Amino acid sequence: MSVEYVKTEDDLPPVAVVEKPRWTPAKIVLWVVIALIAGAGWSMIAFVRGEELSASWFVAAAVGSYLIGFRFYAKLIEWKICRPDPKRATPAELNDNGRDFAPTDRRVLFGHHFAAISGAGPLVGPILAAQMGYLPGTLWIVFGVVLAGGVQDYMVLFFSMRRNGRSLGQMTRDELGRTGGIIASIGIILIMVILIAVLGVVIINALAESPWGVFSIAMTIPIAVFMGIYMRYLRPGKVIEVSVIGIVLLVIAIIAG
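Summarised in this report is the structure supplied together with it. Every value quoted in this text rests on a predicted model; they were computed, and no experiment measured them. (Residues numbered from 1 in each chain as written. Predicted model: local features only at pLDDT ≥ 70, side-chain atom pairs only at ≥ 80, totals over all residues. Heavy atoms only, no water.)

1. Overview of the overall build of the protein
Across its full length, the protein holds nine helices and two strands. Ordering the α and β elements of the protein from the N terminus gives β-β-α-α-α-α-α-α-α-α-α. Residue burial in the protein is summarised as follows: out of 257 residues, 21% are buried. Contacts in the protein between residues at least 24 apart in sequence constitute 55% of all its contacts with a sequence separation of at least 6. Surface summary for the protein: the accessible area is close to 17900 Å², and the carbon and sulfur share equals 70%. (Helix = DSSP H or I, 4+ residues; strand = E, 2+ residues; numbered from the N terminus. Buried < 20%, exposed > 50% of the residue type's maximum accessible area, 1.4 Å probe, protein only. Contact = heavy atoms within 4.5 Å. Areas by Shrake-Rupley, 256 points an atom, 1.4 Å probe, with all protein chains shown as cover.)

2. A look at helix H1 (residues 25-47)
Taking 1.5 Å per residue, 23 residues should reach 33 Å; H1 reaches 33 Å between its end C-alpha atoms and fits that length. Taken residue by residue, H1 has Trp31, Ile34, Ala38, Gly41, Trp42 and Ile45 as its buried positions. Considering only its buried residues, H1 is in contact with helix H2 (55-82) and helix H6 (134-162). (Expected span 1.5 Å × (residues − 1).)

3. Regarding a nonpolar patch on the surface
Residues Ile221, Val225, Phe226, Ile229, Tyr233 and Leu234 make up a contiguous nonpolar surface patch of about 630 Å² in total accessible area. Looking at the secondary structure, you find Ile229 in helix H8 (residues 211-234). (Patch = residues over 30% accessible without salt bridge, like charges linked within 9 Å, V, L, I, M, F, W, Y side chains within 5 Å. Salt bridge = Lys/Arg side-chain N within 4 Å of Asp/Glu carboxyl O.)

4. A short note on the packing of aromatic side chains
Enumeration over the complete set of coordinates arrives at four aromatic pairs. Aromatic pair Tyr154 and Phe158: ring centres 5.9 Å apart, planes at 40°, arrangement tilted. Pair noted here: Tyr154 and Phe158 are both in helix H6, with a separation of four residues, about one helical turn. On the basis of relative accessible area, Tyr154 is assigned to the partly exposed category, the value being 32%. The exposure class of Phe158 is buried, given its relative accessible area of 7%. Here the aromatic rings of Phe226 and Tyr230 are separated by 5.8 Å at their centres, their planes lie at 50°, and the arrangement is tilted. With a gap of four residues between them, Phe226 and Tyr230 both fall in helix H8, about one helical turn apart. Residue Tyr230 is classed as buried on the basis of its relative accessible area of 12%. Directly above the ring of Phe72 sits Arg71, whose terminal nitrogen or CZ lies 5.2 Å from the centroid. Positioned over the ring face of Tyr233 is Arg232, at 5.0 Å from the centre of the ring. (Phe/Tyr/Trp six-rings, centres within 6.5 Å; stacked < 30°, edge-to-face > 60°. Lys NZ or Arg CZ within 6 Å of the ring centre and 35° of its normal.)

In structure tokens, the structure reads:
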């Protein structure tokens, strides 16, 4: 993928246009195979009856759908709506102060963004849908992320980046004025409180009779602290290394639980 700068009127800066990658026979075959794998996974989930179904079919359906959504739907949003400019500095670069703004490794940012989608909706929804079978919950998670959750996170983050790292409440205040911004900020806080409360009730009920679940979740706190110390002081910048260590420790915590 390359970027081409198109000259506009004399008093306006050039516009960055992302050139679409060219299709080759190898790429066509690759995406056909991915589509077939995803289709096979969804077929097994939809038509196999009973509780005994290999988790590999869920992985095939989910990963295949995510890859297709990322390659086609996400790229469409990027090309037609956001149109990012690789030569444009981000707020982290412009306002680098080591606290609120700091350039961060893209793999660390990916981890934050990947975890941010796991809010109350994706967690509570499947638990409620599981009462009707695993297919509704799977549809909720996969297509909800592709068509709604991932799009929302990406767009809000992109808007914030284009507005010097401002929060959602600050952007609302800029658009609607002081009164509208205050009302929107109060609404955001109330929604967050309600969602966290509902999520807490669901998690408490799910873990009430599961000591191993409580132990495994509690162990993620010291593991996370250790990973932070490891990457900050012991082996700075070794993101992949500390990620592997964290995964191994998490698996050990689950087995120990």
